[in-house]
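Take a look at the letters that make up each chain.
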Number of protein chains: 2
Amino acid sequence: MYAIIMAGGSGTRFWPLSREKMPKQLLKIGGEDTLIRLTVARVLPLVRMEDIFIVANQSLADTISHQLSSKFPRSWDGNFILEPEAKNTAPALGLAALHLSQVDPESIMVVLAADHFIRKSADFLDLLRTAAKAAEGGYLVTLGIKPDRPETGYGYIKAGDACSEPDLSSIYKVQAFVEKPQRETAREYLKDGRYYWNSGIFVWKTGTLLSEIEKHIPPLHAGLMEIRKHIGTDREAEVVKEVFKSLDPISIDYAVMEKTDRAAVIPADIGWSDVGSWTALDDVSERNQAGNVVAGNVIDIGSSNSIVYAEKRLVATIGLNNMVVVDTPDATLVCSKDRAQDVKKIVDELKKRKAEEHLIHRTVYRPWGSYTVLEEGDRYKIKRIEVNPGAKLSHQMHHHRSEHWVVVAGTARVTNGDREYDVHPNESTYIPISTKHRLENLGKIPLQIIEVQNGEYLGEDDIVRFDDDYNRHATNTRRPLPQVNKEVV
Amino acid sequence: MYAIIMAGGSGTRFWPLSREKMPKQLLKIGGEDTLIRLTVARVLPLVRMEDIFIVANQSLADTISHQLSSKFPRSWDGNFILEPEAKNTAPALGLAALHLSQVDPESIMVVLAADHFIRKSADFLDLLRTAAKAAEGGYLVTLGIKPDRPETGYGYIKAGDACSEPDLSSIYKVQAFVEKPQRETAREYLKDGRYYWNSGIFVWKTGTLLSEIEKHIPPLHAGLMEIRKHIGTDREAEVVKEVFKSLDPISIDYAVMEKTDRAAVIPADIGWSDVGSWTALDDVSERNQAGNVVAGNVIDIGSSNSIVYAEKRLVATIGLNNMVVVDTPDATLVCSKDRAQDVKKIVDELKKRKAEEHLIHRTVYRPWGSYTVLEEGDRYKIKRIEVNPGAKLSHQMHHHRSEHWVVVAGTARVTNGDREYDVHPNESTYIPISTKHRLENLGKIPLQIIEVQNGEYLGEDDIVRFDDDYNRHATNTRRPLPQVNKEVV
């Protein structure tokens, strides 16, 4: 059994906590750990780590890989299936199926979202085991969540007759997929009992999916066959890119599930939430007596039914009702709960203004650690840089800025032009403009330095990389597809 | 005519914009300038700058003086009457009257609050001129604001008969001072037409006030006479301190105005607001079409009747109604308008927690310029320091920290142990622990440096001052009372 974790979320609805470069699957939302790490941990009783594949964009792969490695200590770099561009779920899942088919066309593919929350893990795994049996029999199984409210934000699946096969009596043939309903219709669905929320969690045989794609999305199938010809060659990444460019974006639900006669639904009562907006915290988090979900540095007087999330800075709230307040180092959101869906309009507005607050946080994660912008002024910028033990930044140079480094913790091995030396806490060094330099942490604790940049242009793109542990001196736009489980073949 | 500006406000109700060290009179609230500068500017057609005295605590005098100097270029250091401790208005006004009486017992004293807003300046000055005539005749005149709503937050003055003197027909003898009423009573007052809000703005002859104090507050009068004996001597500050310590706190309204038979009220329709809480912004600021008062880096979608104030960071608001949102670099307030009075409870809670967010801002003003704390970490602290042209910090030393300075704008003259040298933009220097040092800006533009402190203790009180342009190497707890207008005597 293989798990395909779809991690392409764009991070708009949890702004300002989520950003384009830090979407919600990478955040601890309502739980003790990030959603993607919870997702991986949840399936580990059923799936080996090397059989988990994450479908994501190159721009997120580093961050995801680092996040997974720090919890599950191994290299996750080989577990990625990289989408060259977002084309909705069908092309991404087709690509994943293609790769699994190289290993074993009879393999079972469990498709999960990286950013869902499931409270009842054991029940969920039981369902996956049952669904796998149905998948063996050729069904395309989707998990249908038993509705507990007349939700208008999800599509529904109408269950038909139970499957007649032995052991599959708890699985139903799909009678129809139904669009997001109006409130009144949603109430009827709830009463009817045969309607389930479409969770986007699927279980099928790799070969089944590929033949359904061949039947229902011929252009995608043709593209996949083209890619197959080049797997393992120098041109592989390029071909994937060309094929994706040529494809129309389309969802697997619309393109396959609604058309196939092999669709089945397994009813699921597993404490599921798609964590679709800030109000989902009410479902996935602990509320206090006044109905508030409060986290972080908050002083509240007399609020009710509200969500207040603070990071480091102080947030004081008085007499709120039905509100969401989210504070981050560079932006604060204050929103009526009824309008939580409109958060993406704020993100749209920020994009229009070419602001940065939708794109990145003040703290940006890199394969070697992280940096935090503390202040930007006229001709200067101040960063706190943290380098993981054993890690080093690229050998680099800037055309427009010089850098003052003050070490505040750990020891820095500095390459500065031709010289190499160590800088200790309470010592500083100076990297002149246009000088090749490198920063490395040979020690056992994180290295922290304060960097004061001076220059007429201080953009992150003023960097020439000469040598990089993370291959970022290359064009940086693609990464070879993983050679999945070659040892099995 | 002399103006006494009472500037003792504690800055709790406009938190987080106001702080103990930055109360609301020092802030631009709803206007183009700070309330205290607007207050000074307003009376300048009637009162010479050297005849304006500011009653304040020592801890605020530097900041006020600096703020006034930057708008009205002269030294304001001689314009302060320093309260050694807050004892409500009667002792402070007694002290002010004592000093004016040294100049001229017949002088007219106009008492103003530093933190009120008055829209109709010309009308206000006309009223002061009329009130001064009544004061000449021995009246203690108070400005009574014509109510436009049944306000329960103010005390009221009931006007009696008009004064019989020629030219004083627009002034009424006070029939009674009335405590803050209940809503129903306030409605009756509004309908009645003879009730006015007690503004706390007074006009009287210095000699009149002193003799009323003698009659109604004998211990205060005795204390003032004791102080008088020591004016101009070395012991003056000490005696003021001792006298204030012995006095009971009491307001001039309660102790004198309610008891004297010389109280008069002049009705005022001058667009007055005491700017008593965040909701006062609705009165003193421009509202947009949706009834919002919005300032700063704000993106709003569909809010109404709300106040949103952002400094530098981004604040996004969606669907708010009747709310106050105030963002500052270290704290954010989100408050229902109905609960704006409860902001002081947040300040109380912060005091209880021994937090700093009620006390100071991240930016702290000093006589020589300002500093902003950018980040505090384990054994390090980062500041941006701005030194005004021509200014210098004290010659100082720290027992527990060393300092790295990187100049980002201007030129720094640095004294470092025995050496003296200049540091230019993109240059740095290092001040070792326990080394006497000094920072000075000899240039014509503000000097900006980034300071990285390293040490096991980084409190502001780890400072030994050897020489200081601002006399802060002394005990720092008192300052001699100004020798008012000796040239006049």
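Residues numbered from 1 in each chain as written. Chains lettered and ligands numbered in written order. Predicted model: local features only at pLDDT ≥ 70, side-chain atom pairs only at ≥ 80, totals over all residues.

### With respect to the sheet that holds strand 15 (residues 314-318) of chain A
Thinking step 1. Spatially, 13(A)-15(A)-17(B)-16(B)-14(B)-12(B) is the arrangement adopted by the six strands of the open sheet, whose pairing is mixed. In the strand order of this sheet, the two ends are held by strand 13 (298-301) of chain A together with strand 12 (293-295) of chain B, each with one partner. Between one strand axis and the next, the sheet turns through 5 degrees on average, direction left out of account.
Thinking step 2. In the sheet, strand 13 of chain A pairs with strand 15 of chain A via four bridges, with the strands oriented parallel. By the bridge assignment, A:Val298 is partnered in strand 15 of chain A with A:Val315.
Thinking step 3. Here helix 11 (residues 343-352) of chain B sits on the sheet and contacts strand 13 and strand 15 of chain A together with strand 17 (331-336) of chain B; the angle it forms with strand 13 of chain A, its principal contact strand, is near 135 degrees. (Pairing = 2+ DSSP bridges. Helix = DSSP H or I, 4+ residues; strand = E, 2+ residues; numbered from the N terminus. Axes fitted to C-alpha atoms, helices over the stretch in contact; angles between N-to-C directions. Contact = placed C-beta atoms within 7 Å.)

### Observations regarding the domain arrangement of chain A
Frequently, the measure chosen for interface size is the accessible area that the parts lose on association.
Thinking step 1. Here the domain parsing of chain A yields domain 1 (2-273), domain 2 (278-351) and domain 3 (368-467).
Thinking step 2. Taking the mean C-alpha position of each, domain 1 of chain A and domain 3 of chain A sit 41 Å from one another. (Domains from an automatic or database assignment.)

### Digging into the packing of helix 7 (residues 218-230) of chain B against helix 8 (residues 236-246) of chain B
Residues and elements named next belong to chain B.
Thinking step 1. In the contact formed by helix 7 and helix 8, the axes pass within 9 Å of each other and the chain directions differ by 175 degrees. The angle between helix 7 and helix 8 falls in the class roughly antiparallel. The segment helix 7 lies against helix 8, with Gly223, Glu226, Ile227 and His230 engaging Glu236, Val239, Val240, Val243 and Ser246. (Parallel < 35°, antiparallel > 145°, perpendicular 65-115°, else oblique.)

### Looking at the packing of helix 3 (residues 89-103) of chain A against helix 7 (residues 218-230) of chain A
All names here are of chain A.
Thinking step 1. Contact geometry of helix 3 with helix 7 gives a least axis separation of 10 Å together with a crossing angle of 40 degrees. Taken as axis vectors, helix 3 and helix 7 run oblique relative to one another. As helix 3 packs across helix 7, the resulting crossing turns out to be right-handed. Across the interface between the two elements, Ala90, Pro91, Gly94, Leu95 and Leu98 of helix 3 pack against Leu220, Leu224, Ile227 and Arg228 of helix 7.
Thinking step 2. Partitioning the contact of helix 3 with helix 7 into residue classes produces seven nonpolar, one polar and one charged. (Left-handed = near helix turned anticlockwise from the far one by under 90°. Nonpolar A, V, L, I, M, F, W, Y, C, P; charged D, E, K, R; others polar.)

### Quick word on the pairing of strand 7 (residues 156-162) of chain B
Regular strands place their side chains on alternate faces of the sheet.
Residues and elements named next belong to chain B.
Thinking step 1. Pairing of strand 7 with strand 8 (residues 172-178), which is carried by five bridges, proceeds in the antiparallel orientation. By the bridge assignment for strand 8, Ala162 is matched with Tyr172.
Thinking step 2. One ladder, built from three bridges, connects strand 7 with strand 9 (residues 195-205); its direction is antiparallel. Its bridge partner lying in strand 9, Ile157 is registered against Tyr196.

### So, unusual backbone geometry
Thinking step 1. The step from A:Trp15 to A:Pro16 runs through a cis peptide bond, and the omega angle for that step is 5 degrees.
Thinking step 2. With respect to the helices and strands, the residue A:Pro16 is situated in the loop between strand 1 (2-6) and helix 1 (35-43).
Thinking step 3. The phi angle at B:Asn322 is positive, at roughly 60 degrees, despite the residue not being glycine.
Thinking step 4. Topologically, B:Asn322 is positioned in the loop between strand 15 (314-318) and strand 16 (323-327).

### Structural notes on the interface of chain B and chain A
Thinking step 1. At the junction of the two partners, chain B supplies 48 residues and chain A supplies 47 residues.
Thinking step 2. The element contributing the most residues to the side of chain B that touches chain A is strand 17 of chain B, with six residues.
Thinking step 3. As paired strands, strand 15 of chain A and strand 17 of chain B are joined by five bridges and run parallel to one another. Following the sheet pairing, A:Ala316 is matched in strand 17 of chain B by B:Leu333.

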